[in-house]
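Read off the chains here:
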Amino acid sequence: MNADPSAQRTGTSSPRRPAPPLVLVSNRLPVEGRRGEDGEWHWERSPGGLVTALEPVVESGHGVWIGSLGVAGEVMKPFETEGDTWGKPFTVVPIALSEDEMERYYEGFSNASLWPLYHEVIAPPQFHRDWWDSYRTVNERFARAVAETAEQGARVWVQDYQLQLVPRMVRDLRPDLTIGFFDHIPFPPPGIYAQLPWRRQILEGLLGADLIGFQRAEDARNFAQTVRRLLGYTVHRGVVETPDGARIGGGDTEVDTIHDAADETTRPVAFGAYPISIDVASFAALGRDPEVQARARAIRHELGDPKKVLLGVDRLDYTKGIRHRIKAHGELLAEHRVDVEDTVLVEIAVPSREGVQTYQDLRDDIELAISRINGDYSTVGHPAINYLHRSLPRRELAAFYLASDVLLINALRDGMNLVCKEFVATRVDNDGVLVLSEFAGAADELRQALLINPHDTDGVKAQTLRALRMPTRERRSRMRALRRTVTRNDLQRWTNTFLGDLDHAAAHARRAVAQSHVHEDEGEGEGEQAQWRTHGTR
C-alpha cells in the first residue's frame, strides 16, 4: 500500500478529476500508519477480510474511503493512496479518534458490547452508558465527514457494526445521498439482540439506509423479526416500511427513540442477503505464479517435508474456534491416529485487539495449549504444531495455501470467512481439502467442503482424518466444484449486485415517499414492493 500524505487534499474535489461517485465508510482505513524515528509516516496495508474485499471496489472507481487511522490522537488531512490490487489511486479521509474514544467506542462498545452480542454471546457482552455515548459521538463524526466529502447524489456505502448509527445520521444531514449499509458479522436472533439497552436506536440508525445487506439469509430473517418485534414496523418481502420522519433518540433507553406515529409518510428500506466474496482472479494469479509455487515447496521443506500439512489461518479471536482446533489435533496425536513424523499443523494467528484483556487471555490460552502439545508429541525436527503470531503478506499467505493439504476452518460463529475462499481461489491445481465450520457464512455456498460442528470434537477429528485420507479423485472433484462456486460468485458480482440493488432501492424509496404524500392506496404500494423484489437480492 503506497500512501502519500504529502498529497493532501481538502474536502473539495480536485480540479483534475470529478468528485468520486462512491464513498466507502468503515471503522478502519485500508492503510495502517506509524511514525518513524525521523518523524515521517510509514504505511502498510491493513489486515483483515474487509480490506481484502473492498479495496478493489474503491480502487477501481477512484473513490473515497473514510475511516480511522487506528492511532489515537493523530489528526491528518485527506490524502491519496494506491491500492494493492491494481495500483490505482483513491482518496483517504482519516477520522481522528482520541485515546478515550479508542477505549470506549472501539474496544468498549464495538468489541466488548456489540461483537460478543452479535456472535450469539460466545463471550458475555458488557454494557456501559459511557461506551454508548462515545459510540454515538464517533458515529456522528463519521457522518459529518461523509456529508462534507460526498458529491451531490453520491452513493455512500457504510460498513459494519461499528457504524450502525451512520446511515440515519447521514440521511438527516444529506437526504440527497444514496445510502447502503453492509453488515459483515452475524445479526443475532431477536431474543439475543433484545439484551442491548440501546436496541431501538441501533435499528433506527440502520434503517436510515436505502439498502441493508447481510451475509446470510438467516441474518436477514433475524433482522426482519427483530424490527417487527421491537419497532412494530411492517416488513414484507425484503422491505421495511419506516416512518420517513424517524430519528435516533439521544437518551439511554428505548423510549428516547422517537418517531411520529401519526405521520403517514413512509419510506421503504430494502434488505437481503449478499454473501461477500473475494477478488478471485488475483488469488488465482498468485496460485499460478512460479515464485509463489517455489515458495510453497520451500515451506514444505522447512516444515521437514511432511506427508501432510494441516493449515489454520485466523484472526486471533475467540469466535474463530482456534482452541477447538488445537484440542482436536492434540487428541488425534494422543490417540496415535496422526503421526507427528508425517503430519504437521501450521497455525497462523493474526494479531487482533491486543489492547483488550479478553484477547490477551485468549492468546495466553492458545500458546499454552500449543506449548503443551509440542512438549508432549514433538520430535527433533518435527514439531506437532508450527505456530506463527503475525500478519503475512498476501504472496506469502498464498504460498501457505499451496503448501497445505487441508485447510481447517473451525469458526464458532462467523459472518462469512474469506480465508476459505482465498484458499479455494489459490488452488489452481484443483487439489487440497477444505474442512469448514457449518457456523461460518461460507458454508451456505461451499457445499463441497467437509462440514463440521466445531463443538463436536469427535466429529472434527473424524472429518480431519477423512480429509487427510481422501483419495486424489475425490479431492480434485470437490475442489473443482468449490472453485466453480467461488469463481461464479466473485467480488465483482457481489459489488455489482449490491450497488445495482442499492440504486434501485433508493429510486423505489424516492417514488414511494412522493406517492405517500398523495395517499397512495395499499394495493398500489404492494405493486411497488413486487417491482422491487424482481430486482431482488441473492
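Use the structure listed above.
**Thoughts on the overall build of the chain**
Piece 1. For the chain, the helix and strand inventory stands at 17 helices and 19 strands.
Piece 2. Out of the 538 residues belonging to the chain, those deemed buried represent 59%.
Piece 3. Across the chain, contacts joining residues at least 24 apart in sequence account for 78% of those joining residues at least 6 apart.
Piece 4. Carbon and sulfur atoms provide 47% of the accessible area of the chain, an area that totals close to 21300 Å².

**Quick notes on the sheet that holds strand 19 (residues 450-452)**
Across a sheet, paired strands are connected by hydrogen bonds in the backbone, their directions being either parallel or antiparallel.
Piece 1. Here six strands make up an open sheet; going across it, the order is 16-15-14-17-18-19 and the pairing parallel. Two strands lie at the open edges of the sheet, namely strand 16 (385-389) and strand 19, each paired on one side alone. The mean angle between the axes of side-by-side strands here comes to 20°, regardless of whether they run parallel or antiparallel.
Piece 2. Bridge count between strand 17 (residues 406-409) and strand 18 (residues 433-437): four bridges; the pairing is parallel.

**Focus on the packing of aromatic side chains**
We describe a pair of aromatic rings using the distance from one ring centre to the other and the angle between the two ring planes.
Piece 1. Inspection of every chain in the model, using the stated rule, returns 22 aromatic pairs.
Piece 2. When the centroid spacing of 5.6 Å and the interplanar angle of 50° are considered together, the rings of W115 and Y161 count as tilted. Taken together, the positions of W115 in helix 2 (residues 99-118) and Y161 in the loop between strand 8 (155-159) and helix 4 (166-173) put the pair 46 residues apart, joining distant regions of the chain. Neither residue differs from the other here; W115 and Y161 are each classed as buried.
Piece 3. Ring geometry for F214 against F223: centres 5.1 Å apart, planes inclined by 40°, an arrangement best described as tilted.

**What about the nonpolar core?**
Piece 1. Counting residues in each nonpolar core, the largest one holds 93 residues, and the members touching the most others are V25, I66, F142, I202, I212, F223 and F271.
Piece 2. With nine residues, the single largest contributor to this core is helix 2.
Piece 3. Ranked by size, the runner-up nonpolar core spans 71 residues in total, among them L22, W43, V346 and L392.

**Things to note about the packing of helix 2 against helix 3 (residues 129-149)**
Piece 1. Contact pair helix 2 / helix 3: the axes reach a minimum separation of 8 Å and the direction vectors enclose 110°. Of the possible angle classes, the one that applies to helix 2 and helix 3 is roughly perpendicular. Across from E101, R104, Y105, G108, F109, S110, A112, S113 and L114 in helix 2, the residues of helix 3 making contact are D130, W131, W132, S134, Y135, T137, V138, N139, R141 and F142.
Piece 2. In terms of residue class, the contact of helix 2 with helix 3 is made up of nine nonpolar, six polar and four charged.

**Concerning a positive patch on the surface**
Piece 1. Together, R476, R480, R484, R488 and R493 make up a region of like positive charge exposed at the surface.
Piece 2. Counting residues per element, the positive patch draws most heavily on helix 15 (residues 472-488), which supplies four residues.
Piece 3. By the element assignment, R476 lies in helix 15.
Piece 4. A relative accessible area of 31% places R476 in the partly exposed class.

**A look at helix 4**
For an α-helix, the turn length of 3.6 residues means that residues three or four places apart are oriented alike.
Piece 1. Where burial is concerned, most of helix 4 is hidden: six out of the eight residues are buried.
Piece 2. Residues V166, P167, R168, M169, V170 and R171 constitute the buried set of helix 4.
Piece 3. Along its buried surface, helix 4 packs onto helix 3, strand 8, strand 9 (178-182), helix 6 (199-206) and strand 13 (266-273).

**Considering the pattern of salt bridges**
Piece 1. As enumerated under the stated definition, the model contains 34 salt bridges in all.
Piece 2. The partner of D176 in a salt bridge is R174, with the nearest N and O atoms 2.8 Å apart.
Piece 3. For the salt bridge of K461 with D458, the shortest nitrogen-to-oxygen distance reads 3.5 Å. Of this pair, K461 and D458 both sit in helix 14 (residues 457-469), three residues apart, which is roughly one turn of the helix.

**With respect to the packing of helix 9 (residues 290-302) against helix 12 (residues 394-403)**
Piece 1. Taken N-terminus to C-terminus, the directions of helix 9 and helix 12 make an angle of 60°; their axes are 8 Å apart at the nearest point. As the angle between them shows, helix 9 and helix 12 are arranged oblique. When the axes of helix 9 and helix 12 are compared, the crossing they make is right-handed. Contacts from E291, V292, Q293, R295, A296, I299 and R300 of helix 9 reach helix 12 at R395, E396, A398, A399, F400, L402 and A403.
Piece 2. In terms of residue class, the contact of helix 9 with helix 12 is made up of eight nonpolar, one polar and five charged.

Cut-offs used in this document
- Residues numbered from 1 in each chain as written.
- Predicted model: local features only at pLDDT ≥ 70, side-chain atom pairs only at ≥ 80, totals over all residues.
- Heavy atoms only, no water.
- Helix = DSSP H or I, 4+ residues; strand = E, 2+ residues; numbered from the N terminus.
- Buried < 20%, exposed > 50% of the residue type's maximum accessible area, 1.4 Å probe, protein only.
- Contact = heavy atoms within 4.5 Å.
- Areas by Shrake-Rupley, 256 points an atom, 1.4 Å probe, with all protein chains shown as cover.
- Pairing = 2+ DSSP bridges.
- Axes fitted to C-alpha atoms, helices over the stretch in contact; angles between N-to-C directions.
- Phe/Tyr/Trp six-rings, centres within 6.5 Å; stacked < 30°, edge-to-face > 60°.
- Core = buried A, V, L, I, M, F, W, Y, C linked by side-chain atoms within 4.5 Å.
- Parallel < 35°, antiparallel > 145°, perpendicular 65-115°, else oblique.
- Nonpolar A, V, L, I, M, F, W, Y, C, P; charged D, E, K, R; others polar.
- Patch = residues over 30% accessible without salt bridge, like charges linked within 9 Å, V, L, I, M, F, W, Y side chains within 5 Å.
- Salt bridge = Lys/Arg side-chain N within 4 Å of Asp/Glu carboxyl O.
- Lys, Arg positive; Asp, Glu negative; His and termini not counted.
- Charge placed at Lys NZ, Arg CZ, Asp CG, Glu CD.
- Left-handed = near helix turned anticlockwise from the far one by under 90°.

So, to be careful, I would describe these as geometric facts and stop short of saying anything about function.
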